[in-house]
Amino acid sequence: MSGTMSSNDVIRSTAIYQRTTKDILLGILKGIGEFFRLMARNRTGFIGFIIVVLYFVVSFLGPYVIPVDKETKVTRIFEKPSWQHPLGMDHEGRDTFSQVVNGGRDILTTALLTALISTAIGVTLGALSAVLGGGIDTLLSAFADIFMSIPQFPLQVVLAGFIQVKSMLILSLILAILSWPGLYRAVRAQVLSLRERDYVEAAILLDLGTWHIVFKEILPNMMSYIAISFAFSMTGAIYAQTGLVLLGLVPFSSHNWGVMISIAWTRGAIFYRDSAAYILAPVFTIALFQLAMVWMTRSLEEVFNPRLRGRA
Amino acid sequence: MSAIAERDKQLSSSGLDIPRMLRLIWSSYYVRQAAKALFTIFFVTTLIFFLVRLMPSNPVERFVVDLMYSQGLSRQDALDQARAIFAIDLDAPMYVQYIDYLGNLFKGDLGVSLLSRGTPVVEIIKAVLPWTIFSVGTGLMISFTLGILIGTIIAYRRESLIDPVVTGISSFLSAIPGYLQAILIIVFLGVQIKINGKPLVPIHQMRGAYSPGVQPGFTWVFIKDVFFHAALPIATYILTTVGGWTLAMKSSTINTLGEDYVTVARARGLSDGRITTAYVGRNALLPLASQLAINIGFAIGGSTLIETYFVYPGIGSRLGAAVGGRDYPVMQGIFLMITFVVISANLLADLLYSVLDPRIRIGGGAR
Amino acid sequence: METTPTRQLPWSKGQARYALISVRDMHIEYWAERGQVKAVRGVDFDIFPGESLSLIGESGSGKTTLGLGLIRLLVKTADITRGQVIYRRNGVEQDVLKLDPDGLRHFRWQECAMVFQAAQSAFNPVLRIRDQMYETVKAHRPATRAEVNALASELLERVQLEPSRVLRAYPHELSGGMRQRVLIAMALLLNPPLIILDEPTTALDILTQRTIIDLLRALQNDLNFAMMFISHDLSLAAELANHVATMYAGRIVEYGTVNQIFYEPRHPYTLGLIRAVPTVTGGFEDLSSIAGTPPDLIDLPPGCKFHLRCPFATRRCQQEEPDLIHIGPEHAAACFYWQEVERQADRPWEEIKAPSEGDV
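Criteria and thresholds
- Residues numbered from 1 in each chain as written.
- Chains lettered and ligands numbered in written order.
- Predicted model: local features only at pLDDT ≥ 70, side-chain atom pairs only at ≥ 80, totals over all residues.
- Contact = placed C-beta atoms within 7 Å.
- Helix = DSSP H or I, 4+ residues; strand = E, 2+ residues; numbered from the N terminus.
- Nonpolar A, V, L, I, M, F, W, Y, C, P; charged D, E, K, R; others polar.
- Axes fitted to C-alpha atoms, helices over the stretch in contact; angles between N-to-C directions.
- Parallel < 35°, antiparallel > 145°, perpendicular 65-115°, else oblique.
- Left-handed = near helix turned anticlockwise from the far one by under 90°.
- Core = buried A, V, L, I, M, F, W, Y, C linked by C-beta atoms within 7 Å.
- Buried ≥ 20, exposed ≤ 12 C-beta atoms within 10 Å, placed from the backbone.
- Pairing = 2+ DSSP bridges.
- pLDDT = per-residue confidence, 0-100.

Focus: the interface of chain B and chain C
At step 1: Every contact between the two is made by 22 residues of chain B and, on the other side, 24 residues of chain C.
At step 2: Elements that contribute at least two residues to the side of chain B that touches chain C include exactly α11 (260-267), α12 (272-310) and α15 (358-361) of chain B.
At step 3: Counting residues per element, the side of chain B that touches chain C draws most heavily on α11 of chain B, at six residues.
At step 4: The class makeup of the residues in the side of chain B that touches chain C is nine nonpolar, four polar and nine charged.

Structural notes on the packing of helix α9 (residues 178-192) of chain B against helix α10 (residues 220-257) of chain B
Residue and element names in this part refer to chain B.
At step 1: Closest axis-to-axis distance for the α9/α10 pair is 9 Å, and the angle between their directions is 130°. It follows that α9 is oblique to α10 by the angle criterion. By crossing handedness, the relation of α9 to α10 is classed as right-handed. Seen from α9, the contacting residues are G178, Q181, A182 and I185; seen from α10, they are L232, T236, L239 and T240.
At step 2: Grouping the amino acids of the contact of α9 with α10 by side-chain chemistry returns four nonpolar, four polar and no charged.

Section: the nonpolar core
At step 1: Grouped together as the largest cluster of nonpolar side chains are 244 residues, with contacts concentrated most on I279 of chain A, I183 of chain B together with I47 of chain C.
At step 2: In terms of residue count, the dominant contributor to this core is α12 of chain B (15 residues).

Observations concerning the packing of helix α7 (residues 121-156) of chain B against helix α13 (residues 315-324) of chain B
Between two packed helices, both the angle of their axes relative to each other and the distance between the axes serve to describe the pair.
All names here are of chain B.
At step 1: Contact pair α7 / α13: the axes reach a minimum separation of 7 Å and the direction vectors enclose 135°. By the criterion of interaxial angle, the relationship of α7 to α13 is oblique. In this structure, α7 uses I124, I125, V128, L129 and T132 to contact α13, whose residues at the interface are I315, G316 and R318.
At step 2: A per-class count over the contact of α7 with α13 returns five nonpolar, two polar and one charged.

A closer look at the interface of chain A and chain B
At step 1: Each partner contributes to the interface: chain A provides 37 residues, whereas chain B provides 44 residues.
At step 2: Listed by contribution, the elements that provide at least two residues to the side of chain A that touches chain B are α5 (134-149), α6 (152-162), α10 (207-246) and α12 (276-304) of chain A.

Focus: the pairing of strand β10 (residues 251-257) of chain C
Residues and elements named next belong to chain C.
At step 1: In terms of residue burial, β10 counts as a mostly covered element, since six of its seven residues are buried.
At step 2: The antiparallel pairing of strand β9 (residues 243-248) with β10 creates a hairpin that spans two residues between the two strands, and A249 there sits at a positive phi of about 50°.
At step 3: Here β10 runs beside strand β12 (residues 331-333); their pairing, made up of two bridges, is antiparallel. Each bridged residue has a counterpart across the sheet, and for E254 the counterpart in β12 is A333.

So, the pairing of strand β6 (residues 112-115) of chain C
Residue and element names in this part refer to chain C.
At step 1: Neither face of β6 is exposed, since C112 and M114 on one face and A113 and V115 on the opposite face are all buried.
At step 2: Pairing of β6 with strand β7 (residues 194-198) involves four bridges; the strand directions are parallel. Bridging from a neighbouring strand, C112 pairs with L194 of β7.

Remarks on the sheet that holds strand β1 (residues 21-32) of chain C
All names here are of chain C.
At step 1: The strand order across the open sheet built from four strands is β2-β1-β4-β5, with neighbouring strands paired in antiparallel fashion. Two strands lie at the open edges of the sheet, namely β2 (35-47) and β5 (92-95), each paired on one side alone. Across this sheet, the average inter-strand angle for adjacent strands is 10°, counted without regard to direction.
At step 2: As judged from the four bridges shared by strand β4 (residues 78-89) and β5, these two strands associate in the antiparallel manner. Each bridged residue has a counterpart across the sheet, and for I86 the counterpart in β5 is D95.
At step 3: Contacts from helix α1 (residues 63-70) reach β1, β2 and β4 within the one sheet, and its direction differs from that of β2 by about 65°.

Quick word on unusual backbone geometry
At step 1: Of note, N191 of chain C is a non-glycine position whose phi angle comes to about 55°, a positive value.
At step 2: Note on N191 of chain C: 13 C-beta atoms within 10 Å, which makes it partly exposed.

Some details on the confidence of the model for chain C
At step 1: Per-residue pLDDT for chain C averages 88, and the proportion of residues at 70 or more is 95%.
At step 2: The complex prediction reports pTM at 0.80, with the ipTM value standing at 0.86.

Notes on the confidence of the model for chain A
All names here are of chain A.
At step 1: Put simply, chain A has an average pLDDT of 76, and 76% of its residues get 70 or more.
At step 2: Taken element by element, chain A is modelled with least confidence in helix α9 (residues 199-204), mean pLDDT 50, and with most confidence in helix α4 (residues 104-132), mean pLDDT 87.
At step 3: Scored below 50 in pLDDT, residues 306-312 shows 10 contacts in the model against residues more than four places distant or in partner chains.

Details of the environment of H85 of chain A
Residue and element names in this part refer to chain A.
At step 1: When you line up the elements, H85 lands in the loop between α2 (43-65) and α3 (96-102).
At step 2: Here the alpha-carbon distance between H85 and F97, two residues 12 residues apart in the chain, equals 6.7 Å.
At step 3: Those residues in contact with H85, other than ones at most four positions away along the chain, are E79, D95 and F97.

Right, here's the structure in full:
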C-alpha cells in the first residue's frame, strides 16, 4: 500500500473525514452505552463509578453551593472538627471542608485535559503509524520506545522546573506528552493486525478505504480499551500534578487538594496532633478518587479478560 | 559458476569479511539491547541540552542576566561565571556548546551547583545516589519476593476467601500514590498513635541516613542503624509496589496453569513441587521480568517526594531541593543520572529476561 | 486390591482377569454454565497386553475426556461420577480411580503414558529436552544423568531423531513433527505397558503423519506395549488397531476387530463413518457425511442418541437407549436393528429403509 497521498486523495479524504466524524460521534455514544452496561455488571466497578461521578458533581457544582471560606480567623487556627465545620480549620482559621469541596475543580479539569490530549495523540499517532507504515512507523515506534523507558516523574519534575508552567493547559500538555506511548502501541497493534489481514484487498482499496476502516471498524471496537486507557491517563495525571504541586513547581493558582497538602507540609501541620483533619482530608480525598478510578477500570479489565474472573 | 557456488566461495574465503562480522555482532540480542540503551541515554542528554537552551525562558540566559543585574557584572564577566558553573561556553554557537557539553559528560563533569557554590554536581550525586539505590533496591527486592510468593499462592487458591481479600488489598495499595502513603505513615504511626506517650514510630529519630555519632563502616552497629533509618522509605516502596507484583504474578500464574505443558507434566508423574517451581513458577515469572523495569523507574521517580517527607538524604530529596531552589545544574545532572540508572536497570532486567527465557536469546539464526 | 471380580464383557477377547486394563461403567461429567455436561455415559472395555484399541468418534463424542479420565487428568470442573479403571500387573489389581495421590503419580507415565494432541506446547519452554527427559525418569526412580541420556538417546534414535542435536535443544528449536516424536520417545522412557495416544497426528502434515504411524507400528512390534489410540480418523485406526470402538455421545456404540468394523459394521453410526472415509481408488460419489449434528450433552434427548440422524430409526429408538448387544465373537453393537444394518449395508444412505416395528 502506498504511503503517500496525492492532493486529490487529500481532498477526497477530507470529505470522507467529515462524514466519518458523525460516525465517530455515534461510535463514541455506542461506546458510552456499552460502558454503562458493563458497569452495572460488576459491583466494585459500579461503586467506583458512582464515587467518581460524585466527585465530579461535587467538584464542579459544589463551589456554587459551598463557597470557599476566605476569612482568616486567627483565633480558630487548626480547630478540631465540629458539626458546623466537619473537617475543622486550617492554619489561618478557615474552614477545611469548603476548601475540600472547592479543591477538586482544578485537579479534575487538568486530569481530563491531560487524558484527552494523551488519548488523542496516542490514537491518532497509533493509527497513522500503522496505516502509513514505513519510515514514519519506525520513527514513531522508536520515539515511543524511548519515551517509555525514560522515568516519567523525574522528567516531569525537570520539565516543570525549566518551563514556567503558567496555565493548566501547559501543564496538561507536559503531562500528556509523556504518557501517549501506551495507547499508541495498542492502537497501532490493532490497526496493523487488521492491515495484515486485509493486505490483499488493501492493495485494491483506495487509501480512503483504509482510513474508513480505521474509523468505522477498529476504533469503535477499541472504545472500551480506549476508555480504560483514558481513565488510567487521568489517574496518572493526578499523581503527577499533585506531586509537582507538592514540590512547589506548579504555581498555586487557587486552592486545590495538592496545595492543601503542600501547605500542611510547609506549615508543619503534619506533625501536630490537632491538625490531623487538615492534613488527612485532602490526602483521603485524593486517595479515594484514585481508588474509585482503579475499581472502575479493574472491573472493566476483568470483563474483557474472563480468565481473571473466578467461577461464577 | 552458478550463483550458489559463487556465494559459497565468497563465504568460505578467508580474510576479514566486515559486513558479515557486523551482522554477527548485531544478531546478538545483548548487543542490540545495549545499543538501544546507549542511544536512549544519548537521546535524553541531547533532549535536555536543547530543551534548556531553546526554552523561551532559557534558564541559562536568565542566570546570566540575573548576574548582570544583581552583581552589576558585564555580560562577559557574567558569561565567564556562568561558564564555570554550567561548564559550557555560552557565547559560542550552539553546536560548539553541544560538543562541549557532550565532551564534559564523557569526562564526568556535570557542572557546579548554583546553591552550594563550588560543589561539583558529580560530588553531590556521589554522596546521595548510594542511599537511594540502597533503599529502593532493598524495597524492590523485598516487595518482589513477597509479591510473587503471595501471587502464586492465591493463584492456586482461587476459590478460597483469601483471593478476593488479597486482591482487594493489592488494588488498594497500588492505587494510592506513594507520597500520600508516606504522609499517612507519618501522620498515623508517627504522630497520632501513641503508646505510653511515645509515638509508635519514632519518625524524628529516623531522619537522615544514619544516626549522628555512629561511625560508617562494615560493623553490625552501623548496618543496623542504616536499616533503621531506611526503614520508612523502604516500607513505603514495598507498600506501593507489592500490590502490583501480587496481581501480576497471580494473573501470570493463572495463565501458565492453563498451558499444555503443565498438564503433560502432571501426566508424566512429576511431583507437585517440581511442577510449581520449574514449570509454573519459572514460566509465570517471565512476563514479570519486563515489569521489573517499569517498577524500577517508578520507584526511583517516587523517591523524590518520599525521601523529602522522611528526610532521607537520597537523590530524590536532593532533586526536590534543587528544584525548589532553581539549582539548574544540579537538576539537570541529577535527572541525567536518574535516567542513566533507570535505563541501565532496564537493560539489566532485559538481559535477565533473556537468560530466563531461551526463546529470546537466539537472535537471527535459530535452526 | 479388588475383592469382587471384574464383570466379564462377553465380546471381550479373553477373560477380564487377564486384561491389562479394564474400564467398567465409566461416567464423566463436567460443569458448564448451562448445566452438567454428560461427556462419558457408561463405557466398558478391556485392553489386553500388547494389544491396540482404537477409539473413534467425532469431536464432542467424549473420547478425549475418556482418555484423560483414565489417568485422572481432567480439569477441575470435571468429575468422574462413577466407574472403575482396573489395572493389572504382575498379578496385582488396582482401581486407578481409587489410588492415593502418590500412587497416582507413580501410575502415571510408568504404567500408563499419554501422548497428547498438542505436542506443540507439551514441553516446558525454558528447559532443554535432556533435562525434561531426566526429570521424567527421576520422578519415578533414582537415575543418573548419564543413564538417562543413554536411554533417551536410544529411544530418540528409534523415533528417527538425532540424539546429539535433540537432547541439548530447547523445545522451540524443534519442528512440530520432531516434538511429536520426542514426546513418543519420552513416553517410552519408563517402558510403560500401556500408552494412550490422543490424536497424535492431527496437527501434522500428511508426510509426517505417515512417518509417525509407521513409527508407532514398528515400536509396538518391538516393545510390545498395549496402545489405546484416540482419533476421529478411521483410516488411521485401520493401520494400527487390533480392535476398534466407535464412540458417540459419550458411549461406545460399536466394538469389534478391525476387520469386523470395516467390513461388517453393525451400528448405523459406524456404517456412516465407514462410508465417509475416502479411499484412493474410490470415487467421490461414494462419499457421504452423516447429516445432522451430535446431541446436546447437557440436555440429552431420551432414547438412542443417534436416532435423529439414523435412517434405521423407529419409534422404539426414540424411547429406549440400546446397550451394547453381543452379536458375534469379539463384536458388539448398541443398536436394536443391527441385523437391518447388516441387510442394507450396501444401499446408499438415502435409500435405506427403516424397519417397521414388527421386525426383529
